[in-house]
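# Chains, contacts and geometry: an overview
Spelled out, the chains give:
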Amino acid sequence: MIDKNHIEQLSKLSLTLFRKNFFGIYHGAISSKLDHNSFMINTSDAIFDEMGEKSFSELSMTNRDYRWKIASIEAHIHATIYNNIHEAKYIAFGVPIYTTAYTFDHDEIVFDDYFGKTTFGTIKVIDPGKFSTWYDRNALEITKYLKETNTHVMVIKGIGVYVYDRDINELVKKVAIIENSCRLLSIKSSFRD
């Protein structure tokens, strides 16, 4: 059974991220590493603005049992990240509207606002290649990219954003800065003649 404090913490976080359009009603994933061998992640039918005890599943990173069948489709990616990036304590995947829309026409996000520029400077937008094979190769590609960069963030063209951190507040901060900065870039482009 998952500790109630972990459930409450991730439930509050997912509601916040839902309200900021990082998660859709059923679209996204959030997890927390519980120990060196297990983590909790939302179930595949979790509704992000109404998370509770039944919205999460505790999974072993080494043994795939029946609980993996009810877990988020993103569970394999989260397990791979936790197994390979030891400072990852929290992971979130979402499809923030402005950031994802920005990826359609750009190969990188060049931040113009203070918080975006001082936190990230620029972030490369990764082209996932064929969507039809994405779920066959995404765990390794996402983990490899996150290990090779220092930003703890991967922005994937037409798919969304992966972010991890050791501190839950830092994770939320990164998500907020990226989405707010992309929103500002979108508004800025509407002022052009």
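Our subject in this report is the structure included herewith. Going along each chain's sequence as written, the residues are numbered from 1 onward. Reporting of local features is limited, given that this is a predicted model, to residues whose pLDDT is at least 70; pairs of side-chain atoms are given and counted only at 80 or more, and all residues count toward the totals for whole chains, interfaces and linings. No hydrogens and no water enter the side-chain calculation; it runs on all heavy atoms of the structure.

By definition, any uninterrupted DSSP run of H or I lasting at least four residues is a helix, any uninterrupted run of E lasting at least two residues is a strand, and each is numbered from the N terminus. Scanning the protein for helices and strands turns up six helices and eight strands. Of the regular secondary structure in the protein, the N- to C-terminal order runs α-β-β-β-α-β-α-β-α-β-α-β-β-α. Its C-alpha atoms give the protein a radius of gyration of 16 Å, within 12% of the compact-globule value 16 Å for 193 residues. Seen through its C-alpha atoms, the protein measures out along the principal axes to roughly 55 × 30 × 30 Å. Think of it in three bands: residues with accessible area under 20% of the maximum for their type are buried, residues over 50% are exposed, and the middle band is partly exposed, with areas taken using a 1.4 Å probe on protein chains only. Across the 193 residues in the protein, those meeting the buried criterion constitute 48%. In what follows, a contact means two residues having at least one pair of non-hydrogen atoms within 4.5 Å. Of the contacts made within the protein by residues no fewer than 6 positions apart, 59% connect residues no fewer than 24 positions apart. The accessible surface values rely on the Shrake-Rupley method and a 1.4 Å probe; as for residues, cover is taken only from the protein chains in view. Approximately 10,300 Å² of the protein is accessible, and the part contributed by carbon and sulfur atoms is 52%. Radius of gyration: over C-alpha atoms. The globule rule applied is 2.2 Å multiplied by the number of residues raised to the 0.38 power.

Looking at the secondary structure, you find Ser181 in helix H6 (residues 168–190). Exposure remark for Ser181: the relative accessible area of 1% places this residue in the buried category. Residues adjacent in sequence count toward polar contacts only when both atoms are side-chain atoms; beyond that, a polar contact is any pair of N or O atoms within 3.5 Å, and within protein one must be able to donate a hydrogen and the other to accept it. One polar contact links the side chain of Ser181 to the main-chain carbonyl oxygen of Ile177, over a distance of 2.8 Å. Setting aside its immediate chain neighbours within four residues, Ser181 contacts Phe111, Asp113 and Gly116.

Further remarks concern the packing of aromatic side chains. Aromatic pairs are defined between Phe, Tyr and Trp rings, using the six-membered ring for Trp, whenever the two ring centres lie within 6.5 Å; interplanar angles under 30 degrees are classed as stacked, those over 60 as edge-to-face, and all others as tilted. Counted according to the given criterion, the structure contains seven aromatic pairs. Aromatic side chains Phe39 and Tyr82 sit 5.4 Å apart centroid to centroid with 50 degrees between the ring planes, which places their arrangement in the tilted category. You can see Phe39 sitting in strand S2 (residues 38–42) and its partner Tyr82 sitting in helix H2 (residues 75–84), a full 43 residues away along the chain. By the burial criterion, Phe39 is buried, and Tyr82 matches it. An aromatic cluster is present here, built from Phe22, Phe23 and Phe48 joined pairwise through their rings.

Taken by themselves, the reported measurements are silent on function.
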